[in-house]
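Notes for the structure review
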Amino acid sequence: MSSNNNQDFHLHRVLVGHTDDVRTLATSAAGGIVSGSRDGSIRVWPAEPAHDASGVSSSSSELKGHGDYVTAVALASSDDAIVSGSRDSSVRVWKKASGGAGGAGYMLATVLTGHEYQVTGVAVLYDSDDSDDSGDSGDCLSPEASSKILASASLDGSVRLWKVKATQSMANASDAELREHEGPVLCCCAFRATGDAPGADSNAMMMLATGSGDATIRLWEIGKSLDSLQTNTRVFRGHTDSVRALAFIPGPSMLVSGSHDTFVKVWTLDGACLQTMEGHSALIYSVAASPDGTKVASGSEDNTVRLWSMDGNCLQVISHPGCVWAVAFLPNGDLVTGCSDGVIRTWSMDGARVADADVVAAYDASVAEK
């Protein structure tokens, strides 16, 4: 692990429980973590307690139901639901259950089928539709609440949009389908653009970015009604291989992408490439942007995470004992990584929040063995 100055991330916590690769991560506004694994399970990790001793934790709730490994997870903005995608070609919606351990319990609510092949990405576009005039999101999966609008991407080349009602237990056909990519769709992310960046509008509809094996990124505007979908999308070209990861950069309202070509790129919302970040020596599987929009992280098959400034400089390289499938940021700016050794690690820049010496030593030894 690179530790050149006091602005570096250092190991803070180790979360253990998965028995195989951690393939995907999502974080909540409350500081919780959701992970999906090759072991077929989803785990919900509560926010770090104030009395945490900064060491190893195995406190999580496990969700099982997918028939193959979990490839994607997303949280609704109200944290009332988890959406997951799997190699079993299904999308599942998990409703927050009352009385769950630490309030983190979820139960399976809806199974969505229709994709022909592996689901590679999921996103929550809207928590409720236009019929909800109260302005109160509440429990959007309760019987009296409106629908959620979800997006899923797949190796079958499609992006599917789903309007999931509160009482709906299953659906075998999506409400809309987007098929403009010329290859498998490998990732997606949803966001609402704000600020002064090109293409940004504080009153705009939700936007969905998708990356594909055709080496392009497409940007879609998605309205709640799903009856006026764009077919003339913005196409971002610049990568020379599959676009495997996407994330929204808040504040400046930009996108960051990671590709099998080993490059990280930062884009304006009109498709102009502002930065190309070079340094990884293998496929990039995941990217994330810090909450303040000042840095991005990328995880790679080269067993490292790289932290980048917005001007393209590599700030830090964090070695791992295996492939880094997933990276994410917590609201407090901590970094979360998911590795092929089945372990989730959190990293902090706060010098007072360092893992115990024996935990750091075990991590260093695991990296040295690779």
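Here is a short report on the structure shown in this document. (Residues numbered from 1 in each chain as written. Predicted model: local features only at pLDDT ≥ 70, side-chain atom pairs only at ≥ 80, totals over all residues. Heavy atoms only, no water.)

**Description of the overall build of the protein chain**
The following threshold applies: Think of it this way: any DSSP run of H or I at least four residues long counts as a helix, any run of E at least two long counts as a strand, and we number them from the N terminus. When a residue's accessible area, from a 1.4 Å probe over protein chains only, is under 20% of the maximum for its type it is buried; when over 50% it is exposed; and in between it is partly exposed. Any pair of residues with heavy atoms lying within 4.5 Å of one another is described as a contacting pair. Computed by Shrake-Rupley with a 1.4 Å probe, the accessible areas treat only the displayed protein chains as cover when residues are assessed.
The number of helices and strands found in the protein chain is one helix and 30 strands. For the protein chain, with 370 residues in total, the buried portion stands at 58%. Pairs at least 24 residues apart make up 53% of the contacts formed inside the protein chain by residues separated by at least 6 positions. Of the roughly 14100 Å² that the protein chain leaves accessible, carbon and sulfur atoms contribute 46%.

**What to know about the pattern of salt bridges**
When their charged atoms lie close together, side chains carrying opposite charge are able to pair. As a reminder, the rule being used: The working definition used for a salt bridge is a side-chain nitrogen of Lys or Arg within 4 Å of a carboxyl oxygen of Asp or Glu.
For the coordinates displayed, the defined rule picks out 12 salt bridges. Lys148 serves as the salt-bridge partner of Asp127, at 3.4 Å between the closest nitrogen and oxygen. Of this pair, Asp127 sits in the loop between β11 (119–126) and β12 (148–154) while Lys148 is found in strand β12, placing the two residues 21 residues apart along the sequence. The same class applies to Asp127 as to Lys148, namely buried. Linking Asp334 and Arg353 is a salt bridge whose minimum nitrogen-to-oxygen distance equals 2.7 Å. One end of the pair, Asp334, is in the loop between β28 (324–329) and β29 (335–339); the other, Arg353, is in the loop between β30 (344–348) and α1 (357–368), and 19 residues separate them in sequence. Per residue, the accessibility class of Asp334 equals that of Arg353, and both read buried.

**Comments concerning the packing of aromatic side chains**
For any pair of aromatic rings, the description rests on two quantities: the centre-to-centre distance and the angle between the ring planes. For clarity, the cut-off: Pairing of aromatic rings covers Phe, Tyr and Trp, the last through its six-membered ring, and needs centres within 6.5 Å; plane angles under 30 degrees mean stacked, over 60 mean edge-to-face, and all others mean tilted. Here, over-ring charges are defined by two tests on the NZ atom of lysine or the CZ atom of arginine: distance to the ring centre within 6 Å, and angle to the ring normal within 35 degrees.
Counting across every chain of the model gives five aromatic pairs. Here Tyr285 and Trp325 contribute two aromatic rings whose centre-to-centre distance is 4.4 Å and whose plane-to-plane angle is 25°, an arrangement assigned as stacked. Separated by 40 residues along the polypeptide, Tyr285 in strand β24 (residues 284–289) and Trp325 in strand β28 bring together distant segments of the chain. Accessibility assignment for this pair places Tyr285 and Trp325 in one class, buried. Relative to Tyr363, the ring of Trp347 has its centre 5.4 Å away and its plane inclined at 75°; by these criteria the two rings are edge-to-face. One end of the pair, Trp347, is in strand β30; the other, Tyr363, is in helix α1, and 16 residues separate them in sequence. You'll find Trp347 and Tyr363 in the same group, each marked buried. Here the basic side chain of Arg23 rests over the ring of Trp325, its NZ or CZ set 3.7 Å away from the ring centre. For Arg38, the ring lying beneath its charged end belongs to Tyr69, and the centroid distance is 4.9 Å.

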